[in-house]
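The residues making up each chain are set out below.
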Amino acid sequence: GADILMVETIFDTLNAKAALYAIGEYLEFSGLDIPVFVSGTLVDQSGRTLSGQTGEAFYASIRHAKPMCVGLNCALGAEHMTPFVEKLSKCVECFMHVYSNAGLPNAMGGYDETPEDMAGHNKLFFENGWLNMVGGCCGSTPTHIKA
């Protein structure tokens, strides 16, 4: 079995809502109680999902599912996520997470942010009390997470 069910890298809220509906139906039918985490993806510095919602609007659209943890992942590095993490942290009613990329992709599609750089940006999230959990997405390695 699973300890956590994650609906992640969501750039279209309707997909998240469909997944959360299916999870809710399954949990009700099975009688299981498994925590659900939801992670949205803001596609660029506009701070919006591909379907046009801000992080706060994304949360408002899925909060009825009562996730244990909500957050952001992918598309941006931790530095570029900072204003969006701050805004989302002010409206969520649950735990919050971030697992950013190791910076923005370079011209060759790689990621240049060092583990120390990523850790420095993530530190700001914790110092401000915005997060409960941090991880890594594209370009990050176990060394990035450990830092």
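Here, every reference points to the structure presented above.
Residues numbered from 1 in each chain as written. Predicted model: local features only at pLDDT ≥ 70, side-chain atom pairs only at ≥ 80, totals over all residues. Heavy atoms only, no water.

Novice: What is the right way to look at the packing of aromatic side chains in this model?
Specialist: Evaluated as defined, the whole model comprises one aromatic pair. Centroid distance F125 to W130: 6.2 Å. Interplanar angle 40°. Geometry classified as tilted. With respect to class, F125 is no different from W130; both count as buried. (Phe/Tyr/Trp six-rings, centres within 6.5 Å; stacked < 30°, edge-to-face > 60°. Buried < 20%, exposed > 50% of the residue type's maximum accessible area, 1.4 Å probe, protein only.)

Novice: Is there a simple way to think about the pairing of strand β5 (residues 133-136) in this case?
Specialist: One face of the sheet, then the other: side chains in a regular strand alternate in exactly this way. In this sheet, β5 lies alongside strand β4 (residues 95-101) in parallel orientation, the contact comprising four bridges. Each bridged residue has a counterpart across the sheet, and for Y99 the counterpart in β5 is G135. Since β4 and β5 lie parallel, the crossover through helix α4 (residues 115-127) that links them has a hand, and here it is right-handed. (Pairing = 2+ DSSP bridges. Helix = DSSP H or I, 4+ residues; strand = E, 2+ residues; numbered from the N terminus. Right-handed = clockwise from strand over helix to strand, strands pointing away.)

Novice: Would you take a moment to explain the sheet that holds strand β1 (residues 5-10) for this structure?
Specialist: Strands in a sheet are paired, the pairing made by backbone hydrogen bonds, and the direction either parallel or antiparallel. Spatial ordering of the open sheet is given by β1-β2-β3-β4-β5, a layout of five strands whose pairing is parallel. Edge positions in the open sheet fall to β1 and β5, since each of these has one partner strand only. Taken over all neighbouring pairs, the strand axes of this sheet differ in orientation by 20° on average, direction set aside. Here four bridges tie strand β2 (residues 36-40) to strand β3 (residues 69-77), and the two strands are oriented parallel to one another. Considered in β3, the bridge of F37 is made with C69. Lying on the sheet, helix α1 (residues 13-30) is in contact with β1 and β2; it crosses β1 at an angle near 175°. Across the sheet, helix α3 (residues 78-89) is in contact with β3 and β4; its angle to β3 comes to roughly 155°. (Axes fitted to C-alpha atoms, helices over the stretch in contact; angles between N-to-C directions. Contact = heavy atoms within 4.5 Å.)

Novice: Could you clarify how one ought to interpret the nonpolar core in this entry?
Specialist: Note that soluble globular proteins tend to have their nonpolar side chains buried in a common cluster. Formed by 27 residues in total, the largest nonpolar core has its most connected members in V7, V38, I62, L72, V85, L88 and F125. When residues of this core are traced back to their parent elements, those giving at least two are β1, α1, β2, α2 (55-62), β3, α3 and β4. For this core, the leading source of residues is α3, giving five residues. Residues within four places of I62 in sequence aside, it is in contact with T13, A16, K17, L20, V38, P67 and V70. (Core = buried A, V, L, I, M, F, W, Y, C linked by side-chain atoms within 4.5 Å.)

Novice: Help me understand the side chain of N122 in this model?
Specialist: Position of N122 relative to the elements: it lies in helix α4. N122 has contacts with A78, S100 and V134, leaving out every residue within four places of it along the chain.

Novice: Looking at this model, I keep getting lost on the pattern of salt bridges. Mind explaining?
Specialist: Oppositely charged side chains can form a pair if their charged atoms are brought close together. Applying the stated rule across the entire model yields three salt bridges. For R63, the salt bridge is made with E93, and the minimal N-O distance between the two is 2.9 Å. Pair noted here: R63 is in the loop between α2 and β3 and E93 is in the loop between α3 and β4, with a separation of 30 residues, a long-range link. By relative accessible area, which is 40% here, R63 ends up partly exposed. Residue classification places E93 among the exposed residues on the basis of a relative accessible area of 55%. Taking the shortest distance from any N to any O, the salt bridge between K123 and E127 comes out at 3.7 Å. (Salt bridge = Lys/Arg side-chain N within 4 Å of Asp/Glu carboxyl O.)

Novice: Whenever I open this one, a nonpolar patch on the surface confuses me. Can you help?
Specialist: Residues F11, V43 and L50 make up a contiguous nonpolar surface patch of about 270 Å² in total accessible area. Inspection of the secondary structure assignment puts F11 in the loop between β1 and α1. Residue classification places F11 among the partly exposed residues on the basis of a relative accessible area of 37%. (Patch = residues over 30% accessible without salt bridge, like charges linked within 9 Å, V, L, I, M, F, W, Y side chains within 5 Å. Areas by Shrake-Rupley, 256 points an atom, 1.4 Å probe, with all protein chains shown as cover.)

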